[in-house]
Amino acid sequence: MDDLTLEELKYLRELSRTVDDLLEESLKHRESLERTFTRLFPPVMHLAGARGMAVTTLDEELVSTTFSHGEFDGVFPGTLLTGSRWGVRKLESGHTLVSQQLDVVGMVVGSIGMLFEGDRTHDAAKLARALETVAEELDTVLASVQTAAEKHTLLVTINTYLANRVFEVGMDGAVRALCEKVKLPGFLLLYRDAVESGALHYRMYKYGQLEHASNGRRFTTLDDAIRQFGPNLVTPHDKHLARVLGERKAVETVLISGVGDTHALGKIMVWSGGDGFSAYTVDLLRLLASTLSQRLIDYNRERIHLSQFFSASAIDELIKDPDYERRYLQARAEPVGILFADINGFTRICEQVLERPERIGKFVDDWSAEAVRILHRHGGVFDKMVGDCVIGLFGPPFFKDQQGQRSVNAIKAALEIQAFTKDTMSAHPEISRLSEILKVPGLGVAIGVNLALSFCGLFGPNRNYTSFSTGMNQTARLQALGSFRETLVMREAWEAATAINDPALAKVTVGELVETPVKNVAQPLRYYRLNVG
């Protein structure tokens, strides 16, 4: 290599300063690569004395693109920059091409070349130094552009995966896409259940592949920690989760809903093989955490809406199907078990025992919460609450069981609600004076059970799951006929239930068939009173 003269040193310094100033100006104006090269090429070519200049690199869309300016004698400049023939060479046209690869710390970001008039191979060292000077200023800028574009592309990919209606499937795809870009020996997502207070779920990955899950192959050490520490594991400053992972060097990110640490949705733990993480990897993890926080908010909102009607197990089954609304919740006519349960003498209880509105509200909350849990345990759906009357449906949303089983489930739920109200709610502190004041042995409910063709699905602006039928009206009237701690069952429902021969009804008998005309119902109601042996 020729020794640098003072004149060449000044020239290279001027060339470097010119490229730096032009790139800084482009960055200041947030210009595209095309506009940046349009600004850059002419002054650099003028200083270098080149007749053409070209750069092949990935553009903002990560598409390989050749940017060029000047004369290349009709040859596409991109073809001159392909392959590995870097350096100074004379072309068939008689002109001289100087080219080299652009890279930053081993990361190839493209190639650059200048075309000079005539045979300049005798100046090869000087031309190469000039091109190297330009490349040193340019490669870092191109690397940052490509890195930003890669992050954006990855974020779009992650968003696409997380948009999957089935959260677990989307999460698996997002982690897999992340691990295709960066090496992640371990990745753990631990998140709260939006429906079951205090419950936590997790998905644990090894190099992007699912290894453990709370609804699959369990990680017993984590299960033990969840039982011991509960939701504290996802709070920002709790260290128990890190201890579960042992000595592995991990990055922890808390997923936050809204502002402040009190709204922790979950936590991400990512661990390396001991070498730590690059700034690039940490930045990608932050992007994933931000996107995942929003997805969890949406996922929780969906589960909370469904939890107004369905049990947690039914919700889990529903949201495994991305098309569950059309397949299971779209309005359809089906035979449905119907239950209406109303507290006996509730108006008198309110006026003479509970008295204050807040006490009434607390009492209704306590009773109805357990009544709904009982509905869910027997496969029922909570339709709505009208005053102190709980309404349940049996059959929806999957309609997998026989019609008779729907009646059986409704009757079993009725019996359990009766027992709970009698044995547990009668001991409620606010009801301790009930026997003395109302001269009754504690609290009771009147329940009506029916089996009728109903139109079930999501209705109204709030998309509430409910049912419409004359059978619903019949059941309401039937329940109103019930006396203290009575369960009345329509003849059709009882006959369908007894055809199933369910052992749970072995001790249940009925009285004589009763026929009672009621207001606004065309035919008299025909029903039985249940007796529990």
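Criteria and thresholds
- Here the residue numbering is sequential within each chain, running from 1 through the sequence in written order.
- Thresholds applied to this predicted model are a pLDDT of at least 70 for local features of residues and 80 or more for the giving and counting of side-chain atom pairs; totals over whole chains, interfaces and linings are not thresholded and use all residues.
- Hydrogen atoms and water are omitted, and side-chain values are computed over all heavy atoms in the structure.
- Between 30 and 60 degrees the pair is tilted, below 30 it is stacked and above 60 it is edge-to-face, where a pair is any two Phe, Tyr or Trp rings, Trp via its six-membered ring, whose centres lie within 6.5 Å.
- Think of it this way: any DSSP run of H or I at least four residues long counts as a helix, any run of E at least two long counts as a strand, and we number them from the N terminus.
- Only protein chains enter the accessibility calculation, which uses a 1.4 Å probe; a residue whose area is less than 20% of its type maximum is buried, one above 50% is exposed, and one in between is partly exposed.
- Charges are assigned to positions over rings by a cutoff of 6 Å between ring centre and Lys NZ or Arg CZ, combined with an angular limit of 35 degrees from the ring normal.
- Only strands that DSSP links by at least two bridges are regarded as paired with each other.
- Axis lines are fitted through C-alpha atoms, for helices just across the contact stretch, and the angle between N-to-C directions can take any value from 0 to 180 degrees.
- Residue contacts follow a heavy-atom distance rule, with two residues in contact if any of their heavy atoms lie within 4.5 Å.
- Here the word oblique covers every angle except those under 35 degrees (roughly parallel), over 145 (roughly antiparallel) and from 65 to 115 (roughly perpendicular).
- Should the near helix be turned anticlockwise from the far one by less than a right angle, the crossing is left-handed, and should it be turned clockwise, the crossing is right-handed.
- Residues were grouped as follows: Ala, Val, Leu, Ile, Met, Phe, Trp, Tyr, Cys and Pro as nonpolar; Asp, Glu, Lys and Arg as charged; and all remaining residues, including Gly, as polar.
- Among buried residues, the Ala, Val, Leu, Ile, Met, Phe, Trp, Tyr and Cys ones that are joined through side-chain atoms within 4.5 Å form a nonpolar core.
- Helix span is expected to be 1.5 Å times the residue number reduced by one.
- Between Lys or Arg on one side and Asp or Glu on the other, a salt bridge is scored when a side-chain nitrogen of the former is within 4 Å of a carboxyl oxygen of the latter.

1. What to know about the packing of aromatic side chains
Moving on, step 1. Inspection of the entire model under this criterion finds 10 aromatic pairs.
Moving on, step 2. Centre to centre, the rings of Phe 37 and Phe 67 are 5.0 Å apart; their planes meet at 35°, and the pair counts as tilted. In this pair, Phe 37 sits in helix α2 (residues 33-48) while Phe 67 sits in strand β2 (residues 64-70), placing the two residues 30 residues apart along the sequence. The pair Phe 37 / Phe 67 is uniform in exposure class, with both members buried.
Moving on, step 3. Taken together, a centroid distance of 5.2 Å and an interplanar angle of 65° make the contact between Phe 310 and Tyr 465 edge-to-face. Here Phe 310 is found in the loop between α8 (279-307) and α9 (312-318), whereas its partner Tyr 465 is found in strand β15 (residues 464-468), with 155 residues between them in sequence.
Moving on, step 4. Ring pairs connect the aromatic residues Phe 37, Phe 41 and Phe 67, which therefore count as one cluster.
Moving on, step 5. Directly above the aromatic system of Phe 398 lies the positively charged group of Lys 400, at a separation of 5.1 Å from the ring centroid.

2. Re the sheet that holds strand β5 (residues 107-116)
Moving on, step 1. If you trace the 5 strands from one edge of the open sheet to the other, you get β2-β1-β5-β4-β3, paired in antiparallel fashion. In this open sheet, the two edge strands, each paired with only one partner strand, are β2 and β3 (87-90). Mean inter-strand twist for the sheet, computed between neighbouring axes without regard to direction, equals 15°.
Moving on, step 2. Along the sheet, helix α4 (residues 124-162) makes contact with β1 (52-58), β3, β4 (96-104) and β5, crossing β4 at roughly 35°.

3. Observations concerning the pairing of β1
Moving on, step 1. Counting buried residues in β1 gives 6 out of 7 residues, a clear majority hidden from the surface.
Moving on, step 2. With 6 bridges joining them, β1 and β5 adopt antiparallel strand pairing. Within the sheet, the bridge partner assigned to Thr 57 lies in β5 and is Gly 110.
Moving on, step 3. Pairing analysis gives 7 bridges linking β1 to β2, with the strands arranged antiparallel. Bridged to Ala 54 within β2 is Ser 68.
Moving on, step 4. If you look at the hairpin formed by β1 and β2, you'll find 5 residues sitting between the two strands, and Leu 62 has a positive phi there, around 60°.

4. Quick look at the pairing of β3
Moving on, step 1. Bridging between β3 and β4 involves 4 bridges; their strand directions are antiparallel. Across the sheet, Gly 87 pairs through a bridge with Ser 99, a residue of β4.
Moving on, step 2. Counting the residues in the hairpin turn of β3 and β4 gives 5 residues, including Gly 94, whose phi is positive at 95°.

5. What about the packing of helix α1 (residues 6-28) against α2?
Moving on, step 1. Packing of α1 against α2 brings their axes to within 9 Å, and their N-to-C directions diverge by 165°. The angle between the axes of α1 and α2 places the two elements in the roughly antiparallel class. Between α1 and α2 the crossing geometry is right-handed. Mapping the contact onto sequence places Tyr 11, Glu 14, Leu 15, Thr 18, Val 19, Leu 22, Leu 23, Glu 25 and Ser 26 in α1 and Thr 36, Arg 39, Leu 40, Pro 43, Val 44, Leu 47 and Ala 48 in α2.
Moving on, step 2. Looking at side-chain class alone, the contact of α1 with α2 contains 10 nonpolar, 3 polar and 3 charged residues.

6. Digging into the nonpolar core
Moving on, step 1. Residues Met 171, Leu 178, Phe 187, Leu 189, Phe 310, Leu 329 and Tyr 465 are the most contacted members of the largest nonpolar core, which totals 52 residues.
Moving on, step 2. For this core, the element with the most residues is α8, which contributes 9 residues.
Moving on, step 3. Ignoring anything within four residues of it in the chain, the contact list for Met 171 reads Leu 162, Phe 187, Leu 189, Arg 203, Tyr 205 and Leu 292.
Moving on, step 4. Of all hydrophobic cores here, the second largest spans 38 residues; its members include Ile 374, Phe 420, Leu 443 and Val 508.

7. Notes on the packing of α2 against α4
For any two helices packed against each other, the geometry is given by the interaxial angle and the distance between the axes.
Moving on, step 1. With their axes 13 Å apart at the nearest point, α2 and α4 run at an angle of 175° to one another. With respect to their mutual orientation, α2 and α4 come out roughly antiparallel. Facing Leu 33, Phe 37, Leu 40 and Val 44 of α2, the residues of α4 in contact are Val 134, Leu 138, Leu 142 and Val 145.
Moving on, step 2. Along the lines of polarity and charge, the residues of the contact of α2 with α4 split into 8 nonpolar, no polar and no charged.

8. Brief notes about α1
Every α-helix carries 3.6 residues per turn, so stepping three or four residues along brings you back to the same face.
Moving on, step 1. An ideal rise of 1.5 Å per residue puts 33 Å on 23 residues; α1 measures up with 33 Å between its terminal C-alpha atoms.
Moving on, step 2. Among the residues making up α1, those that are buried are Glu 8, Leu 12, Leu 15, Ser 16, Thr 18, Val 19, Leu 22, Leu 23 and Ser 26.
Moving on, step 3. Close packing links the buried residues of α1 with α2 and α4.
Moving on, step 4. Positioned one or two residues after α1, Arg 30 has a phi angle of 50°, which is positive.

9. Structural notes on the environment of Pro 397
Moving on, step 1. Within the element layout of this structure, Pro 397 appears in the loop between β13 (389-394) and α13 (403-423).
Moving on, step 2. Here the alpha-carbon distance between Pro 397 and Leu 451, two residues 54 residues apart in the chain, equals 16 Å.
Moving on, step 3. Each residue touching Pro 397, except ones within four places of it in the same chain, is listed here: Phe 310, Leu 318, Tyr 328, Leu 329, Arg 332, Val 381 and Tyr 465.

10. What to know about the pattern of salt bridges
Moving on, step 1. Counted by the stated rule, this structure contains 30 salt bridges.
Moving on, step 2. The closest approach of N and O atoms between Arg 377 and Glu 370, which form a salt bridge, is 3.0 Å.
Moving on, step 3. Taking the relative accessible area as the measure of exposure, Arg 377 reaches 49% and is therefore partly exposed.
Moving on, step 4. Between Asp 401 and Arg 406 there is a salt bridge, with its nearest N and O atoms 3.0 Å apart.
Moving on, step 5. Exposure remark for Asp 401: the relative accessible area of 27% places this residue in the partly exposed category.
Moving on, step 6. Note on Arg 406: relative accessible area 4%, which makes it buried.

11. Here we look at unusual backbone geometry
Moving on, step 1. Residue Pro 397 is bonded to the preceding Pro 396 through a cis peptide linkage, with omega at -5°.
Moving on, step 2. Of note, Asp 73 is a non-glycine position whose phi angle comes to about 55°, a positive value.
Moving on, step 3. As for its placement among the helices and strands, Asp 73 is situated in the loop between β2 and α3 (77-80).
Moving on, step 4. Asp 73 gets classed as partly exposed once you look at its relative accessible area, which sits at 38%.

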